[in-house]
Amino acid sequence: MGSESVQPVGRCCFCLLADDRGNMTVNIPTLLRPGVRLPVLGLGTWKSKPNEVSTAVRVAIGAGYRHIDTAWNYGNETEVGQGVRDALRDGTVERKELFIVTKLWCTFHRPEDVKLGIADSLNKLGLDYVDMYLMHGPQGFKGPKIRPTSDSDYDDTDYVHTWKAMESLVDEGLARSLGVSNFNSQQVDRVLQACRIKPVVNQVELHPYLPQLDLIKYCQSKDVILTAYSPFGSTPEVGNEPRLLEDPVVVAIGKRHRKSPAQVLLRYHLERGISVLAKSITPTRIRQNLEVFDFRLTEDDIRTLNSLDRNHRYVTWQ
Ligand code: NAP
């Protein structure tokens, strides 16, 4: 895809706003769709341990994050919800300013189970509704195991039937909008053909080692927003995985712009109208990851970053 063809986000403004208490927070731009204002940068919470994620969420909201991404399968919705509720209680934000996303895990794909999935998430989060509910992946798993260990653990529910059940959640006010995750273009297309309520987002792994240019082109042609996960190369679990944050090309581009590799890797998405999730439990990094609205990558930078493609997935579903 020509990166040139997509409107960048947040041009050269690093907009600091003072809240009612005089604290400075970053004003994060939003991507607009009917009835949806999606803040382009969100806090990721996968692998954020329950005992650290409430503080991370609270720090992030204080710094200006409004989009918080979690999932039933992360096992930390209660603590993510605690951080959100702390920020609501102390008046840092109002509920309507936040964009809370959680996901239907694959063991809830049968239409009659979809409401159970969101009800459990809302109960854990301590919220009446989420701003966006995503189908975590296209393939259902048989419960009660939360991960398949053999072929017979896969559920044969068609994700289109799951989607139809998710649409009722919007009718009931439990989710304000819907999206999918880990869907390829054919799968997005099948949902688009059958849906009454359109998926706003497809959340997928995206970074220079996995640029997925065809998927981006397809989704953007259908007005489906891409949300990039694992922008830094996730939290490496095996020692020999390529280190995106240490890639000499990423480091050199950062030096030229006086930005960190992490900031370059976030801006890479924002430059192309893609929203992005940055996971951190470290307050300095949570704040540093917001400082991405005061510089622009060039078209050459984007082309160079795309050329790092090695079709490498950090997140596998094994
Ligand atoms: P990521 O955001 O690419 O990377 C997280 C790792 O980067 C953590 O180890 C974090 O460390 C570190 N980090 C954060 N900021 C940094 C900085 N400025 N400098 C250096 N290191 C930094 O990985 P991810 O968690 O895989 O992806 C982001 C989010 O996307 C997830 O948390 C989740 O919400 C979502 N996601 C969705 C799916 C899906 O299937 N839909 C899959 C994966 C992820 P510390 O935390 O120790 O600071």
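The structure this text deals with has already been given above.
Residues numbered from 1 in each chain as written. Predicted model: local features only at pLDDT ≥ 70, side-chain atom pairs only at ≥ 80, totals over all residues. Heavy atoms only, no water.

Trainee: I'm lost on the packing of aromatic side chains in this one. Help?
Mentor: Describing an aromatic ring pair means giving the distance of the ring centres and the angle of the ring planes. Summed over all chains, the structure comprises five aromatic pairs. Note on Trp 46 and Tyr 74: the rings are 6.4 Å apart at their centroids and 35 degrees apart in plane angle, and the pair reads as tilted. Of this pair, Trp 46 sits in the loop between β5 (41–44) and α1 (50–63) while Tyr 74 sits in the loop between β6 (67–69) and α2 (77–89), placing them 28 residues apart in sequence. According to the relative accessible area criterion, Trp 46 is partly exposed, its value standing at 32%. Pairing Phe 141 with Tyr 154 gives two aromatic rings, centres 5.7 Å apart and planes at 75 degrees, and the pair type is edge-to-face. Note that Phe 141 is positioned in strand β9 (residues 140–141) and Tyr 154 in strand β10 (residues 154–155), a separation of 13 residues in sequence. Pairwise contacts between aromatic rings join Trp 105, Phe 141 and Tyr 154 into one cluster. The ring of Trp 46 carries the charged tip of Lys 47 above its face, separated from the ring centre by 4.3 Å. (Phe/Tyr/Trp six-rings, centres within 6.5 Å; stacked < 30°, edge-to-face > 60°. Helix = DSSP H or I, 4+ residues; strand = E, 2+ residues; numbered from the N terminus. Buried < 20%, exposed > 50% of the residue type's maximum accessible area, 1.4 Å probe, protein only. Lys NZ or Arg CZ within 6 Å of the ring centre and 35° of its normal.)

Trainee: How should I be thinking about empty space enclosed by the protein in this particular structure?
Mentor: The gaps of empty space that remain are located by a probe, the size of a water molecule, rolled over the atoms. Using the criterion set out here, one finds one cavity of 30 Å³ or more in the structure. Approximately 40 Å³ is the volume found for the largest cavity. For the lining of the largest cavity, the secondary structure elements donating two or more residues are β6, β8 (132–135) and β12 (201–205). The class makeup of the residues in the lining of the largest cavity is five nonpolar, three polar and one charged. (1 Å grid on protein atoms, 1.4 Å probe; cavity = no way out; pocket = protein on both sides within 12 Å on 5 of 7 lines; lining within 4 Å. Points joined across faces, edges and corners; volume = space filled by probe spheres on them. Nonpolar A, V, L, I, M, F, W, Y, C, P; charged D, E, K, R; others polar.)

Trainee: What is the right way to look at unusual backbone geometry in this model?
Mentor: Glycine aside, residues mostly have negative phi, and peptide bonds are mostly found in the trans state. The phi dihedral of Asn 182 falls on the positive side, at around 60 degrees, and the residue is not glycine. Secondary-structure assignment places Asn 182 in the loop between β11 (178–181) and α5 (185–194). Positive phi outside glycine occurs at Asn 311, with the angle close to 50 degrees. Relative to the helices and strands, Asn 311 resides in the segment after α10 (299–306).

Trainee: Any chance you could explain the environment of Gly 81 here in plain terms?
Mentor: As for its placement among the helices and strands, Gly 81 is situated in helix α2. Under the relative-accessibility criterion, Gly 81 is labelled buried at 0%. Sequence separation of Gly 81 and His 136 is 55 residues, and the distance between their C-alpha atoms is 19 Å.

Trainee: I keep staring at the sheet that holds strand β7 (residues 99–104) and nothing clicks. Help me out?
Mentor: Two modes of strand pairing occur in sheets, parallel and antiparallel, and in both the strands are linked by backbone hydrogen bonds. What the eight strands build is a closed barrel, ordered β5-β6-β7-β8-β11-β12-β13-β14; its pairing is parallel. Averaged over all adjacent pairs, the angle separating strand axes in this sheet is 25 degrees, with direction ignored. Across three bridges, β5 lies against β6 in parallel orientation. Looking at the pairing, Leu 43 lines up with Ile 68 of β6. (Pairing = 2+ DSSP bridges. Axes fitted to C-alpha atoms, helices over the stretch in contact; angles between N-to-C directions.)

Trainee: Which parts of the structure should I look at to understand the environment of Asp 155?
Mentor: Here Asp 155 shows up in strand β10. For Asp 155, a relative accessible area of 5% gives the class buried. Sequence separation between Asp 155 and Gly 62 is 93 residues; the distance between their C-alpha atoms is 41 Å. For Asp 155, the residues in contact, after removing those within four places along its chain, are Arg 110, Gln 139, Gly 140, Phe 141 and Lys 142. For Asp 155, the side chain forms a polar contact with the side chain of Arg 110, separated by 2.8 Å. Within the structure, the side chain of Asp 155 is placed 2.3 Å from the side chain of Thr 157, a separation counted as a polar contact. (Contact = heavy atoms within 4.5 Å. Polar contact = N/O pair within 3.5 Å; in protein donor to acceptor, adjacent residues only side chain to side chain.)

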